[in-house]
Amino acid sequence: NVVRDIRISETMQSNPYSSRDTIGLWDPSNGWIIVKRSQLRELSSFAGTLLHEALHAKYTLSDVSRDFESYLTQLAGQLAARLLNSTGT
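Residues numbered from 1 in each chain as written. Predicted model: local features only at pLDDT ≥ 70, side-chain atom pairs only at ≥ 80, totals over all residues. Heavy atoms only, no water.

### Thoughts on the overall build of the chain
Spelled out, the test is: A helix here means a DSSP run of H or I that spans at least four residues, while a strand means a run of E at least two residues long, and both kinds are numbered starting from the N terminus. Accessible area is worked out with a 1.4 Å probe on protein chains only. A residue is then buried under 20% of its type maximum, exposed over 50%, and partly exposed in between. We call two residues in contact when some of their heavy atoms are within 4.5 Å. Accessibility throughout is a Shrake-Rupley quantity obtained with a 1.4 Å probe, and a residue counts as covered only by protein chains that appear here. Note on charges: Lys and Arg go in the positive column, Asp and Glu in the negative column, and His and the chain ends are not counted at all. Note that the charge is assigned to NZ on lysines, CZ on arginines, CG on aspartates and CD on glutamates.
Of the regular secondary structure elements, the chain holds 2 helices and 3 strands. Listed by position from the N terminus, the elements making up the chain come as β-β-β-α-α. Across its three principal axes, the chain shows a C-alpha extent of roughly 40 × 30 × 30 Å. When the 89 residues of the chain are sorted by exposure, 21% land in the buried category. At a minimum sequence separation of 6, the contacts of the chain that also span at least 24 residues come to 44%. For the chain, the exposed area adds up to about 6600 Å²; of that, 52% sits on carbon and sulfur atoms. Of note, the chain has its 9 positive side-chain charges centred 4 Å away from the centre of its 9 negative side-chain charges.

Take a look at the structure:
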């Protein structure tokens, strides 16, 4: 409910926590998830970035947070279980 828009950007701000390029961003002041255009090349990249930023929006936690890591792990497990159950394995 807090996400008002998903936006695509050609460029992104640098990441203060890492030497890696920023590929997604949750902007709580505007209610936007911003995804770098290059993430659209592969569905898995886009979906992963979108889910990552959606977790930031839902739980208002920063990247450098044990709680965020726990929610991310929980989401990955839930998605894996659903995929495995849907394929019958």
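### Some thoughts on the packing of aromatic side chains
To keep it simple, the criterion reads: Stacked, tilted and edge-to-face are the three classes applied to pairs of Phe, Tyr and Trp rings, where Trp contributes its six-membered ring and a pair requires centres within 6.5 Å; stacked means planes under 30 degrees apart, edge-to-face means over 60, and tilted covers the rest.
Tallied over the full model, the rule gives 1 aromatic pair. Relative to Y71, the ring of Y59 lies with its centre 3.7 Å away and its plane at 5°, an arrangement referred to as stacked. Of the two residues, Y59 is situated in helix α1 (residues 43-59) and Y71 in helix α2 (residues 66-87); the sequence distance between them amounts to 12 residues. The class for Y71 is partly exposed, based on a relative accessible area of 29%.

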